[in-house]
Structure formats: structure tokens, C-alpha cells
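Fold and contact review
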Amino acid sequence: MSDTQPSPTLAELVLQVRKTREYSRLTDAIPYARFMGIGVEHLAGEMLCRMTYTPKLIGNSFLPALHGGTLGALLECSAIFELLLQTETQRVPKVISLTVDFLRSGKAQDTFAKAFITRQGRRVANVRVEAWQDDRTRPIASANALFLLSEP
Amino acid sequence: MERCSLFYTDIVPHNHALGLKLLDIGPAEAVVELPYADFLVGNPETGVIAGGAVTTLIDAACGSAVILRFGRFLPLVTLDLRIDYLRPARPGISLTAVAECYRATRQVAFVRALVHQGDKSNPVASAQGTFMRLEE
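Predicted model only: the values in this text are computed from it and were never measured. (Residues numbered from 1 in each chain as written. Chains lettered and ligands numbered in written order. Predicted model: local features only at pLDDT ≥ 70, side-chain atom pairs only at ≥ 80, totals over all residues. Heavy atoms only, no water.)

**Section: the overall build of chain B**
Just so we agree on the cut-off: Only runs of H or I of at least four residues qualify as helices and only runs of E of at least two qualify as strands under DSSP, and these elements are numbered from the N terminus. In this setup the radius of gyration rests on C-alpha atoms only. A globule is expected at 2.2 Å times the number of residues raised to 0.38. Type-normalised accessible area, obtained with a 1.4 Å probe on protein chains alone, sets the label of each residue: buried when under 20%, exposed when over 50%, and partly exposed for intermediate values.
In terms of regular secondary structure, chain B is built from 3 helices and 8 strands. In sequence order, chain B lays out its α and β elements as α-α-β-β-β-β-α-β-β-β-β. The C-alpha radius of gyration of chain B comes to 14 Å, within 12% of the 14 Å expected for a compact globule of 136 residues. With the principal axes as the frame, chain B shows a C-alpha extent of 45 × 30 × 25 Å. Here chain B holds 136 residues, and 51% of them are scored as buried.

What follows is the structure, given as C-alpha cells:
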């Protein structure tokens, strides 16, 4: 896109990215996702989130282990991107409640997450998310989240 | 207070990266501030801070409250954390988490927290978490 064109609104961007699958255009538009290194990737036919490891994600320097908050953030971002890209909603859904279970400590490496929409109504969506590192069958954290979907 | 503040400097790189500040402590209570910053925005249309940053604020404040309750530094892990968002946060204003460890056994500690933007009677979020001491 040339510099002279106005940048699209988030809703326009969401519609474009659903078609083009240039996911980084959407994640780059969200400052916190950019700061955290959280991106969306299409791998083996499914949409996943990846949080690229950087030392600033560490919560315990002695182990070292990722900060619990960063795993919560990845799970929540993953749910939001799933809702934006796989449903009709064009506005960032508002989280109503989030419950995170921390299952294993996160190592100093990239972390992946996959969100599953368990129920989607007109106003509320329930999403379950799992995060893992080396072995997908051994998740390091999981979450159940409830979102308020805004009208388009 | 000084010793506990170490958790908000280089010892915990992610707390430092977000700009978290320990404001006050009690026997089993920690008050932690997350200053508003553009890089924390989760919704570019409204300027509201991302939920992930609030999760980190709450996790950090709750962890500190547990350490204060035990009265010494010990390695901790978060077992679970539940956050209810009671109202949208207003952009441009820092968020403050007040966490209290209301019960601790030898291994497990129970914490609740409220997040507000200056008015404790009108909180943004309410949270409850469970922490465990790691074997030493």
C-alpha cells in the first residue's frame, strides 16, 4: 500500500485480512500484540497464535520461566484474533471474564496457542484456549474466556 | 518495601518491561500501578489497554501479596487466576491493583484483587488467584 492512501479502519482491516490471510497486518495494528510479539500464523491448515520469545517476557530470571501474565495475554489475544478472523465481528471483542489455569512453567522459547469457540451467540461468545511449547499434547496453560461482541 | 520493589525491576524483566510500580505494601497486601502507555493498547479504536497487560498487573500484585504473607522470598507459581471485568477501563489513566492474600497454608495461598483507576468504589476488574510454593 502506498503512503498516500489513508490507513484502513480496524473493521476494514479485519475484512481484508480475512480474505488475504496477511495476518501480520492485523496484529501489527494492535500495539500490545506488537509489543508482546504475538502473531497469527496459518500452519498445516489451521490458524494458530505464536508468541515469539524475547527476554522481556521472563517472570522468573532464576528458573528462567515466562511471566504468568504473558501466558494469560497470549491466551486472551489468541481468543480475540480467533473471534475477529473466524466470526462476523469486526470490532475488538470485550473480555467479560477470563479464567486461566497454569499447568506447567513456560520455558524461554516460543509459545503457541489455539483458540476454540465453544459457543457463539449474538452478544456473547465463549472461547476455550490452550497454549503449549514443544509438545501440543502437554499444554502449559489453558483458559476459558467470555467475550462481549459489539454490533458491527 | 525496598526488597519487595526488586520484583518490579530487573529481577522480573516482564514487570519492568510493562512499567509496573509497587506503590504500597501491607502484611499480606500489595498495591501495584500500571501506568498508561501507548504500547499497551489492545483496541486501537478506543485506546483501551489490552486485557493481557491487566492480567500481568494482577498476577504480579497477587504474587507480591503472597510473598508478603509468607514474610520472605520464595519461589512461587500461579496455579490459576480468574478475572472479571466489571467495567471498561478509561484510556489515558493508570490502573492500580490492590491484592490481598487472605489465606495461606504451607503450600497453597489464596489471593483476591481489585483493579481501579483512582476510585476504589468503582473498580475496573476483580480477580481471584491461587498460588503454590515451589519445593526448596
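Here the narrative resumes.
**Some points on the interface of chain B and chain A**
As a reminder, the rule being used: Note on contacts: a residue pair qualifies if any of its non-hydrogen atoms lie within 4.5 Å across the two residues. Two parts placed together each lose some accessible area under a 1.4 Å probe, and adding up what both lose gives the buried area. Salt bridge, as applied in this entry: a Lys or Arg side-chain nitrogen positioned within 4 Å of an Asp or Glu carboxyl oxygen. Residues are grouped as follows: nonpolar covers Ala, Val, Leu, Ile, Met, Phe, Trp, Tyr, Cys and Pro; charged covers Asp, Glu, Lys and Arg; every other residue, Gly included, is treated as polar. For two strands to be treated as a pair, DSSP must find no fewer than two bridges joining them.
Between chain B and chain A, the residue contacts involve 33 residues of the former and 34 residues of the latter. Contact with chain A buries surface across chain B, with His14, Glu45 and Tyr85 of chain B losing the most and accounting together for 21% of the total. Our count for the contact surface shared by chain B and chain A stands at 0 salt bridges. Looking at the side of chain B that touches chain A, the elements with two or more residues in it are helix H2 (13-18), strand S3 (41-43), helix H3 (51-70) and strand S5 (76-85) of chain B. Of all the elements, S5 of chain B adds the most residues to the side of chain B that touches chain A, at 8 residues. Residue composition of the side of chain B that touches chain A, grouped by class: 17 nonpolar, 9 polar and 7 charged. As judged from the 5 bridges shared by strand S5 (residues 94-102) of chain A and S5 of chain B, these two strands associate in the antiparallel manner. By the bridge assignment for S5 of chain B, Thr99 of chain A is matched with Arg82 of chain B.

**Examining the packing of aromatic side chains**
Spelled out, the test is: In this scheme Phe, Tyr and Trp rings, the latter by its six-membered ring, pair at centre separations within 6.5 Å, and the angle between planes marks the pair as stacked below 30 degrees, edge-to-face above 60, and tilted otherwise. Criterion for a charge above a ring: Lys NZ or Arg CZ within 6 Å of the ring centre, and within 35 degrees of the ring normal.
Overall, the coordinates contain 4 aromatic pairs over all chains when judged by the stated rule. Between Phe112 of chain A and Trp132 of chain A, the aromatic rings sit 6.2 Å apart at their centres with planes inclined by 25°, giving stacked as the arrangement. Here Phe112 of chain A is found in strand S6 (residues 111-120), whereas its partner Trp132 of chain A is found in strand S7 (residues 124-132), with 20 residues between them in sequence. On the accessibility criterion, Phe112 of chain A (16% relative accessible area) is buried. Each ring, one from Phe7 of chain B and one from Phe73 of chain B, has its centre 4.9 Å from the other, and the planes form 80°; the classification is edge-to-face. Here Phe7 of chain B, found in the loop between helix H1 (2-5) and H2, pairs with Phe73 of chain B, found in the loop between H3 and S5; they are 66 residues apart in sequence, far enough to count as distant. Its relative accessible area of 33% is what places Phe73 of chain B among the partly exposed residues. Members of the aromatic cluster, each reached through a chain of ring pairs, are Tyr32 and Phe35 of chain A together with Phe39 of chain B. A cation over a ring is seen here: Lys114 of chain A above Phe116 of chain A, with NZ or CZ 6.0 Å from the ring centre. Sitting over the ring of Tyr102 of chain B, Arg112 of chain B keeps its end group 3.9 Å from the ring centre.

**Side note on the environment of Leu149 of chain A**
Within the fold, Leu149 of chain A resides in the segment after strand S8 (141-148). Along the sequence, Leu149 of chain A and Gly106 of chain A sit 43 residues apart, while their C-alpha atoms lie 31 Å from each other.

**Regarding the nonpolar core**
Put simply, the rule is: Side-chain atoms within 4.5 Å are what join buried Ala, Val, Leu, Ile, Met, Phe, Trp, Tyr and Cys residues into a set we call a nonpolar core.
By size, the foremost hydrophobic cluster in this structure holds 92 residues, and its most contacted members are Leu26, Tyr32 and Phe81 of chain A together with Leu34, Ile58 and Leu95 of chain B. Once residues within four sequence positions are removed from consideration, Leu95 of chain B is found in contact with Val32, Glu33, Leu34, Ile49, Val54, Leu57, Ala89, Val115, His116, Gln117 and Val124 of chain B.

**Considerations on the pattern of salt bridges**
Residue and element names in this part refer to chain A. The final tally for this structure, using the stated rule, is 9 salt bridges over all chains. Here Asp134 makes a salt bridge to Lys107, at a shortest N to O gap of 2.7 Å. Here Asp134 is found in the loop between S7 and S8, whereas its partner Lys107 is found in the loop between S5 and S6, with 27 residues between them in sequence. Classification of Asp134 as exposed rests on a relative accessible area of 57%. Linked through salt bridges whose partners overlap, the residues forming this network are Glu41, Arg50 and Asp110.

**Brief notes about the confidence of the model for chain A**
Detailed reading of the predicted coordinates is not advisable wherever pLDDT falls low. Condition: The score called pLDDT rates the predictor's confidence residue by residue, from a low of 0 to a high of 100.
Taken residue by residue, chain A gives an average pLDDT of 92. The fraction at 70 or more is 95%. When the elements of chain A are averaged for pLDDT, strand S3 (residues 58-60) of chain A gives the smallest value, 91, and S7 of chain A the largest, 98.

**Comments concerning the UniProt feature "domain: Acyl-CoA thioesterase-like N-terminal HotDog" (unreviewed entry) in chain A**
Selection criterion: UniProt positions are given in the numbering used here, feature names are shortened, and annotations may be inferred rather than shown by experiment.
Taken from the UniProt record, the annotation "domain: Acyl-CoA thioesterase-like N-terminal HotDog" (unreviewed entry) applies to residues 66-147 of chain A. As annotated, residues 66-147 of chain A has a helix share of 23% and a strand share of 44%, and its two end C-alpha atoms lie 25 Å apart.

**Quick look at the environment of Val14 of chain A**
If you trace the backbone, Val14 of chain A turns up in helix H1 (residues 10-20). Val14 of chain A sits in the buried class, given a relative accessible area of 0%.

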